[in-house]
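Residue-level listing of the chains:
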Amino acid sequence: MELREKPINKRKELKVDNFTCKRLKEVFDNNNIKVQIRDFLSTKNPGLGKYLHYHAKTEEANNYRAFYLILDNEEIVMYFSLQMGATIKCRTKEIGGVIYDSKKEKYYIDDDKIEVTSIVPVIEIPQLCVNDRYKNRVKSWKVNYKGNSYNVGHFVFYKHIVPIVLDVAEKVGFQYLILFCADNETGNLEKYYKKLGFKRMDNMACLRDEYSKDLECLIIKIDDLISRHLTFENSDH
């Protein structure tokens, strides 16, 4: 008689009360978390999954940037990172005005292309990535919170990422949150970020590394972020 493996129900319901946000250094010694970091999968941007595995722990240890895991109990839903940065307000804006010299490993300003009027402090989200191994196991990528339905990414952004950003803004002081949009020809990712409140830069240029040199930089003012966060938390009133 042939024995058949009992089917496993791989579809699970999402419960936002199970979601927590942890610094990578808090949970890295957990063997279950280590395995998930090693196997983290992003089908749209495989490099982001590899970045978590190969670089995140070292960069945290060196205080280069802070990495956070969004967990459903002990399952990795997604991860993101935060670091301080700067944008440059200018009279004439060209992306080429801020150049990264890979040999000297430093940035410099091309005075022929950009006229700087001020330096504006920002917080940057260098990485923001969903774990597709987790996403593929859930019934729906929507969650209910205070009577409203949100995409998981939207929920995580305003429930877990924004409070960290606003706490830093209260203690340190900066004017914008920025990220680099690794979009494709469809433009869907930029549209998604715009739903979160981000928009393209106007009269500013941003410092770029080799990875972000060809990506669109999107920004949101801290005052706008505060307003949107209050609306998110008080949406049931």
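Only a predicted model underlies this, so the values are computations on that prediction, with no experimental measurement involved.

(A) Just the overall build of the chain, in detail. Regarding its fold elements, the chain presents eight helices and 13 strands. Every one of the 237 residues in the chain was classed for burial, and the buried ones make up 42%. Long-range contacts, defined here as pairs at least 24 residues apart, represent 72% of the contacts in the chain between residues at least 6 apart. Within the structure as shown, the chain displays about 14,100 Å² of accessible surface, and the carbon and sulfur contribution to it stands at 47%.

(B) Broad picture of helix H8 (residues 222-233). In a regular helix each residue adds 1.5 Å, so 12 residues correspond to 16 Å; H8 covers 16 Å between its end C-alpha atoms and thus fits that length. When we look at burial in H8, the residues that qualify are Ile222, Leu225, His229, Phe232 and Glu233. Buried residues along H8 cover an arc of 85° about the axis, so they all sit on one side. Seen from the buried face of H8, the exposed residues on the opposite side, beyond 90 degrees, are Asp223 and Thr231.

(C) Looking closely at the pattern of salt bridges. Taken as a whole and assessed by the stated rule, the structure comprises 14 salt bridges. Note that lysine 194 is salt-bridged to glutamate 190, the shortest N-O span being 3.2 Å. One end of the pair, lysine 194, and the other, glutamate 190, are both in helix H7 (residues 188-196), four residues apart, so they sit about a helical turn from each other. A relative accessible area of 11% places glutamate 190 in the buried class.

(D) Molecular detail of the packing of aromatic side chains. Scanning the entire structure with this criterion turns up 15 aromatic pairs. On the basis of an interplanar angle of 10° and a centroid distance of 4.9 Å, the ring pair of tyrosine 68 and phenylalanine 80 is categorised as stacked. On the criterion of sequence distance, the pair formed by tyrosine 68 in strand S2 (residues 66-72) and phenylalanine 80 in strand S3 (residues 75-90) is long-range, its members being 12 residues apart. Among the residues examined, tyrosine 68 registers a relative accessible area of 12% and is labelled buried. Ring geometry for phenylalanine 157 and tyrosine 158: centres 4.8 Å apart, planes at 90°, overall edge-to-face. The class for phenylalanine 157 is buried, based on a relative accessible area of 1%. Overall, the relative accessible area of 2% leaves tyrosine 158 in the buried class. A network of ring pairs unites the aromatic residues Phe19, Tyr145, Tyr150, Phe155, Phe157, Tyr158, Tyr192, Tyr193, Phe198 and Phe232 as a single cluster. When the ring centre of tyrosine 68 is taken as origin, the NZ or CZ atom of arginine 23, which lies over that ring, is 5.5 Å away.

Rules of the game
Residues numbered from 1 in each chain as written. Predicted model: local features only at pLDDT ≥ 70, side-chain atom pairs only at ≥ 80, totals over all residues. Heavy atoms only, no water. Helix = DSSP H or I, 4+ residues; strand = E, 2+ residues; numbered from the N terminus. Buried < 20%, exposed > 50% of the residue type's maximum accessible area, 1.4 Å probe, protein only. Contact = heavy atoms within 4.5 Å. Areas by Shrake-Rupley, 256 points an atom, 1.4 Å probe, with all protein chains shown as cover. Expected span 1.5 Å × (residues − 1). Arc of directions from axis to C-beta. Salt bridge = Lys/Arg side-chain N within 4 Å of Asp/Glu carboxyl O. Phe/Tyr/Trp six-rings, centres within 6.5 Å; stacked < 30°, edge-to-face > 60°. Lys NZ or Arg CZ within 6 Å of the ring centre and 35° of its normal.

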